[in-house]
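Topology and contacts: notes
Listed here are the chains, written in short residue letters.
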Number of protein chains: 4
Amino acid sequence: MDDRLSDFQREVRAFTDARDWHRFHTPKNLAMALAGEVGELLAELQWLTPEESARVMGDPDAGGRVAAEMGDVVIYLVRLADVLGIDLVDVARAKLADSARRYPVGWQPASVRGEVV
Amino acid sequence: MDDRLSDFQREVRAFTDARDWHRFHTPKNLAMALAGEVGELLAELQWLTPEESARVMGDPDAGGRVAAEMGDVVIYLVRLADVLGIDLVDVARAKLADSARRYPVGWQPASVRGEVV
Amino acid sequence: MDDRLSDFQREVRAFTDARDWHRFHTPKNLAMALAGEVGELLAELQWLTPEESARVMGDPDAGGRVAAEMGDVVIYLVRLADVLGIDLVDVARAKLADSARRYPVGWQPASVRGEVV
Amino acid sequence: MDDRLSDFQREVRAFTDARDWHRFHTPKNLAMALAGEVGELLAELQWLTPEESARVMGDPDAGGRVAAEMGDVVIYLVRLADVLGIDLVDVARAKLADSARRYPVGWQPASVRGEVV
């Protein structure tokens, strides 16, 4: 099936195979690497106001750094999904369906402020 | 183009539109939500040995929780990419190409232990 | 020397000793637990505006949750420092001294926006 | 009262005052900065086995980096506690007391593997 994310997951697996890095790529280690990259993403946004963060891609330097950190997050996320044998879109779609039941359209308590999950 | 991740990104956008949550979905807020979900994923793996983490999907309970947390991570990641106007596969592929140059096959210094990026 | 943080670190160590949890408290595992608790702290603040976050302790419910998450962060941080043999105040003071040199008072480039480190 | 952590908290506040960085130091921004530093700490430990992580301070280079990251974590944590008006030791001690009730000594279900909180 044509699926860019699955194709990319195979590319990252090939990258890892070619360097014999499987022994380092346990779910535990990869989850830490994912968290580390998300931390770098936070660092790019931490001093910006929400409004400034909404315009960050308009700044070539800051926008490029944000895009690069997003790329790093994707790489470890697909690698982690690969070693776990998880289909990222399937598990996410299942969670979104749960949320649709939990937060019906038109029902908006004050405590709910944007939780997609 | 047929792309399951892009299709899903549109589903999450529609979920958000239907609930009028755009005002909460700034890149800054979504990056925090992404980090929060990654923290929940870490919590599922923190007390496991690397070997136990490699078998976690074999446990229906723990495996189901890991899959659910992965789904939550994907939801906020695609939502963040959507508001930033970033193509997740494109930015990740660009970073993997950088890494392929930085870590040539066959070159393995002691300090390099599995960094895909 | 009278030091409340060191006293508390000994209390957490005694808690761990009494339950024979040392085998789980490797630096790697404790760093993951610390990150998981910081993720829960982020979740309490993610949908708030910066201004709302500055008033969060004025809300008994939200403020109580923030205080509880801060407490969880401290517990794993002192536990991690204990197993590493690190004095938290000493290492932090050393980094603050570095920052004082790197960011002289009165020198404020546009790119510097609040980095204490 | 003689308290090294409170003394250090005042030093970080003075550092911030001298640079007029209060406007950037909202709880939301500081929590992101804290998470970013915890991510850097994870990055130092992510490829180590739990056993290697237990010996990391014996390596002058890696140990120095871990100590530096711990220092950065402390700086943002005390800064965050300062703007929130939270006493870190008090909130942590309250959570440890909760945990002592929740996990009585001698009670050890298979599912409990080292959770101090």
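Below, the structure is looked at part by part. Source: prediction; values computed, not measured.

Rules of the game
- Sequence order as written defines the numbering, with residues in each chain counted from 1.
- Here chains are named by letter from A upward and ligands by number from 1 upward, in the order in which they appear as written.
- Local features in this predicted model are restricted to residues whose pLDDT is 70 or higher, and side-chain atom pairs enter the listing and the counts only when it is 80 or higher, whereas totals over whole chains, interfaces and linings include all residues.
- The basis for the side-chain values is all heavy atoms of the structure; hydrogens and waters are excluded.
- For every element, the axis is a line fit to its C-alpha atoms; helices are fit only across the contacting stretch, and the angle between N-to-C directions ranges from 0 to 180 degrees.
- The secondary structure listing takes helices from DSSP runs of H or I that are at least 4 residues long and strands from runs of E that are at least 2 residues long, numbered from the N terminus.
- In this scheme, roughly parallel covers angles under 35 degrees and roughly antiparallel covers those over 145, while 65 to 115 is roughly perpendicular and the rest are oblique.
- For a crossing to be left-handed, the near helix must be turned anticlockwise from the far one by less than a right angle; the clockwise case is right-handed.
- Two residues qualify as a contact provided that any one of their heavy atoms is within 4.5 Å of a heavy atom in the partner residue.
- Accessible area that two parts lose when put together, evaluated with a 1.4 Å probe and summed over both, is termed the buried area.
- Within this document, salt bridges are pairs made up of a side-chain nitrogen of Lys or Arg and a carboxyl oxygen of Asp or Glu, the two lying within 4 Å of each other.
- Two N or O atoms form a polar contact when they lie within 3.5 Å of each other; inside protein one atom must be a possible hydrogen donor and the other a possible acceptor, and for residues adjacent in sequence the pair counts only when both atoms belong to side chains.
- Categorising residues by exposure relies on relative accessible area from a 1.4 Å probe, with only protein chains included: less than 20% of the type maximum marks a residue as buried, more than 50% marks it as exposed, and the intermediate range marks it as partly exposed.
- We place the copies in one frame by least squares, fitting the C-alpha atoms of every residue whose pLDDT is at least 70 in both.
- For the purposes of this section, nonpolar cores are sets of buried Ala, Val, Leu, Ile, Met, Phe, Trp, Tyr and Cys residues that join through side-chain atoms within 4.5 Å.
- For a helix, the expected span equals 1.5 Å multiplied by the number of residues minus one.
- Each Phe, Tyr or Trp ring (for Trp, its six-membered ring) is paired with any other whose centre lies within 6.5 Å, and the angle between the two planes then decides the class: stacked below 30 degrees, edge-to-face above 60, tilted in between.
- Gly is placed with the polar residues, together with every amino acid not listed as nonpolar (Ala, Val, Leu, Ile, Met, Phe, Trp, Tyr, Cys and Pro) or charged (Asp, Glu, Lys and Arg).
- Residues scored as charged are limited to Lys and Arg (positive) and Asp and Glu (negative), so that His and the chain ends carry no count.

1. As for the packing of helix α2 (residues 27–45) of chain C against helix α4 (residues 60–84) of chain C
Residues and elements named next belong to chain C. Two elements in contact, α2 and α4, have axes whose closest approach is 9 Å; the angle formed by their N-to-C orientations is 165°. By the criterion of interaxial angle, the relationship of α2 to α4 is roughly antiparallel. Pair α2 / α4 crosses with left-handed handedness. Residues Pro 27, Leu 30, Ala 31, Ala 33, Leu 34, Glu 37, Val 38, Glu 40, Leu 41, Glu 44 and Leu 45 of α2 lie in contact with α4, whose contacting residues are Arg 65, Val 66, Glu 69, Met 70, Asp 72, Val 73, Tyr 76, Leu 77, Arg 79, Leu 80, Val 83 and Leu 84.

2. Section: the interface of chain B and chain C
Each partner contributes residues to the interface: chain B has 15 residues there, and chain C has 15 residues. Taking both sides of the interface into account, the surface hidden between chain B and chain C amounts to around 1300 Å²; carbon and sulfur atoms contribute 71%. Here chain B is connected to chain C by 0 salt bridges. On inspection of chain B and its partner chain C, the count reaches 2 residue pairs in polar contact (both at pLDDT 80 or more). The dominant element in the side of chain B that touches chain C, judged by the number of residues it contributes, is helix α2 (residues 27–45) of chain B, at 9 residues.

3. A look at the pattern of salt bridges
Residues and elements named next belong to chain D. What the rule picks out here adds up to 48 salt bridges over all chains. As a salt-bridge pair, Arg 13 and Asp 82 come within 2.7 Å of each other at their nearest N and O atoms. Taken together, the residues Arg 13 in helix α1 (residues 4–19) and Asp 82 in helix α4 (residues 60–84) connect sequence positions 69 residues apart. Classification of Arg 13 by relative accessible area gives partly exposed; the value is 32%.

4. Here's the deal with the relation of the copies chain A and chain B
Each copy superposes on the other: chain A lies on chain B with an RMSD of 0.0 Å after a rotation of 180° and an axial shift of 0.0 Å. Those values place the two copies in the arrangement expected of a two-fold rotation axis. When C-alpha distances to the rotation axis are compared across chain A, the minimum falls at A:Asp3, with a value of 2.6 Å.

5. Side note on the environment of A:Arg4
Inspection of the secondary structure assignment puts A:Arg4 in helix α1 (residues 4–19). Exposure remark for A:Arg4: the relative accessible area of 13% places this residue in the buried category. In terms of polar contacts, A:Arg4 uses its side chain to reach the side chain of B:Asp3, at 3.0 Å. Of the polar contacts made by the side chain of A:Arg4, one reaches the side chain of B:Asp87; its length is 2.9 Å.

6. Some remarks on the nonpolar core
Judged by nonpolar contacts, the single largest core of 168 residues is most densely connected at A:Met70, B:Met70, C:Met70 and D:Met70. Contact partners of B:Met70, with chain neighbours within four places excluded, come to A:Leu77, A:Leu80, A:Ala81, A:Leu84, A:Ile86, A:Leu88, A:Val91 and B:Leu41.

7. Some points on α4(D)
Residues and elements named next belong to chain D. Counted at 1.5 Å a residue, the expected span for α4 with its 25 residues is 36 Å, and the 36 Å between its end C-alpha atoms agrees. Taken across its 25 residues, α4 has 19 buried, putting it largely inside the fold. Put simply, Asp 59 is the residue that caps the front of α4, since its side-chain oxygen is 2.8 Å from the backbone nitrogen of Asp 61. Gly 85, located one to two residues past α4, shows a positive phi value of around 70°.

8. Digging into the packing of aromatic side chains
Tallied over the full model, the rule gives 12 aromatic pairs over all chains. Where A:Trp47 meets D:Tyr76, the ring centres are 6.2 Å apart and the plane angle is 50°; that geometry is what we call tilted. You can see A:Trp47 sitting in the loop between α2 (27–45) and α3 (50–54) and its partner D:Tyr76 sitting in helix α4, one on each of two chains. When its relative accessible area of 5% is taken as the criterion, A:Trp47 is described as buried. On the basis of relative accessibility, which here comes to 0%, the residue D:Tyr76 falls in the buried class. Here the aromatic rings of C:Trp21 and D:Tyr103 are separated by 5.8 Å at their centres, their planes lie at 75°, and the arrangement is edge-to-face.

9. A few points about the relation of the copies chain B and chain C
For the pair chain B and chain C, the relating rotation is 180°, the translation along its axis is 0.0 Å, and the fit reaches an RMSD of 0.0 Å. Comparing contact sets, 100% of the residues at the interface of chain B also lie at the interface in chain C, consistent with an isologous, same-surface contact.

10. Observations regarding the environment of D:Asp87
Residues and elements named next belong to chain D. Along the chain, the position of Asp 87 falls in the loop between α4 and α5 (88–102). According to the relative accessible area criterion, Asp 87 is partly exposed, its value standing at 28%. C-alpha separation for the pair Asp 87 and Asp 17, spaced 70 residues apart in sequence, amounts to 20 Å. Polar contacts involving the side chain of Asp 87 include one to the main-chain amide nitrogen of Val 89, which spans 3.1 Å.

11. So, the interface of chain A and chain B
Taken together, the contact between chain A and chain B spans 75 residues of the former and 75 residues of the latter. Carbon and sulfur atoms make up 70% of the area that chain A and chain B hide from each other, which totals about 6500 Å². At the boundary of chain A with chain B, the tally comes to 10 salt bridges. Remark: the boundary between chain A and chain B carries 26 residue pairs in polar contact (both at pLDDT 80 or more). When contributions to the side of chain A that touches chain B are tallied by element, the ones reaching two or more residues are α1, α2, α3, α4 (60–84) and α5 (88–102) of chain A. A total of 14 residues in the side of chain A that touches chain B trace back to one element, the largest contributor, which is α4(A). In terms of residue class, the side of chain A that touches chain B is built from 48 nonpolar, 11 polar and 16 charged.

12. Considering the side chain of B:Lys28
Note that B:Lys28 resides in helix α2. No salt bridge is formed by the buried B:Lys28; its nearest oppositely charged neighbour, A:Glu52, is found at 7.2 Å. In contact with B:Lys28, not counting residues within four places along its chain, are A:Leu45, A:Gln46, A:Trp47, A:Leu48, A:Thr49, A:Pro50, A:Ser53, D:Lys28, D:Asn29 and D:Met32.

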